[in-house]
Amino acid sequence: MRTLRSPTKATTRSVACHHCRRALELPAAALTATCPACYKPLILHDLDLSANRFGGDLSTCARLIIRPKTTVRARAVIAGTGLIVLGTLEADTIETMGPVSIGAKGTLIGALATPSVSIEKGGRLNATALKITPAA
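Residues numbered from 1 in each chain as written. Predicted model: local features only at pLDDT ≥ 70, side-chain atom pairs only at ≥ 80, totals over all residues. Heavy atoms only, no water.

Undergrad: What exactly am I supposed to notice about the sheet that holds strand S10 (residues 82–85) here?
TA: Pairing between the strands of a sheet is mediated by backbone hydrogen bonds and can be parallel or antiparallel. Strand order in the open sheet formed by five strands is S5-S8-S10-S12-S14, with parallel pairing between adjacent strands. Strands at the two margins of the open sheet, each flanked by one partner only, are strand S5 (47–49) and strand S14 (117–119). For this sheet, the mean inter-axis angle between neighbouring strands, taken without regard to orientation, is 5°. (Pairing = 2+ DSSP bridges. Helix = DSSP H or I, 4+ residues; strand = E, 2+ residues; numbered from the N terminus. Axes fitted to C-alpha atoms, helices over the stretch in contact; angles between N-to-C directions.)

Pasting the structure below:
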């Protein structure tokens, strides 16, 4: 005789809306959601860019990764849990609630707000403004 297993409960994860900063509990498998407080769309997965991109805004509740030999130019960048720059990122404003890491061949240009910045030897930070914020 077979015993039936009860369905396992879906695991959840805590996410902060990068628009209004509201804390949310969402299913771990979710890739997108809508914030119930500000009704704005949320991207919950890492944005891993390996192709050049120009214009507009970039935002994610997770990490933004700019791969080597990739150039990204945007008006505003919001990366919820961190930013890794191995290529070139140029934006008017760059904001993250996590650490910023600039690789040996990485270049970051723009007004930056972050809890911490690490730059490998050879990496470049050309910040029009730099604001070190408290960690989330």
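After presenting the structure, the write-up continues.
Undergrad: What is the right way to read the nonpolar core from this model?
TA: Across soluble globular proteins, nonpolar side chains show a tendency to be buried alongside one another. Membership of the largest hydrophobic core comes to 18 residues, with the highest contact counts inside it found for Leu58, Leu64, Val77, Leu83, Leu89, Ile94 and Leu108. Put simply, the parts of the chain that give this core at least two residues each are S5, strand S8 (63–66), strand S9 (71–79), S10, strand S11 (88–96), strand S12 (100–102) and strand S13 (107–114). Among the elements that make up this core, the one with the highest residue count is S9 (four residues). The contacts of Leu83, once residues within four sequence positions are left out, are Leu64, Leu89, Ile94, Thr96, Pro99, Val100, Ser101 and Leu108. (Core = buried A, V, L, I, M, F, W, Y, C linked by side-chain atoms within 4.5 Å. Buried < 20%, exposed > 50% of the residue type's maximum accessible area, 1.4 Å probe, protein only. Contact = heavy atoms within 4.5 Å.)

Undergrad: Is there a simple way to think about the confidence of the model for the protein chain in this case?
TA: For residues with low pLDDT, the predicted coordinates do not support detailed interpretation. Mean pLDDT over the protein chain works out to 89, with 91% of the residues at or above the 70 mark. Confidence, expressed as mean pLDDT per element, reaches its minimum in the protein chain at strand S1 (residues 12–16) with 86 and its maximum at S12 with 97. (pLDDT = per-residue confidence, 0-100.)

Undergrad: Where do I start with the pattern of salt bridges in this structure?
TA: Opposite charge on two side chains allows them to pair when their charged atoms are near. Summed over all chains, the structure comprises five salt bridges. As a salt-bridge pair, Glu95 and Arg21 come within 2.1 Å of each other at their nearest N and O atoms. With a gap of 74 residues between them, Glu95 in strand S11 and Arg21 in the loop between S1 and strand S2 (23–27) connect regions that are remote in the sequence. Taking the relative accessible area as the measure of exposure, Arg21 reaches 38% and is therefore partly exposed. Residue Arg67 is joined to Asp48 by a salt bridge in which the shortest nitrogen-to-oxygen separation is 2.8 Å. A residue pair is termed long-range when its members are at least 10 positions apart, and Arg67 in the loop between S8 and S9 and Asp48 in strand S5 qualify at 19 residues. By relative accessible area, which is 41% here, Asp48 ends up partly exposed. (Salt bridge = Lys/Arg side-chain N within 4 Å of Asp/Glu carboxyl O.)

Undergrad: What should I look at first to understand the state of the cysteines in this one?
TA: Each disulfide consists of one covalent bond between the sulfur atoms belonging to two cysteines. A full pass over the atoms with the stated rule returns zero disulfides. Between Cys20, a free cysteine, and Cys35, which holds the nearest cysteine sulfur, the sulfur-to-sulfur gap is 3.6 Å. For Cys20, a relative accessible area of 32% puts it in the partly exposed group. (Disulfide = S-S within 2.5 Å.)

Undergrad: Would you explain the environment of Gly110 in this entry?
TA: If you trace the backbone, Gly110 turns up in strand S13. Classification of Gly110 by relative accessible area gives buried; the value is 3%. Expressed as a C-alpha distance, the spacing of Gly110 and His19, which sit 91 residues apart in the sequence, is 19 Å. Beyond its immediate stretch of four places on either side in the chain, Gly110 contacts Ala91, Asp92, Ile94, Asn126, Ala127, Thr128 and Ala129.

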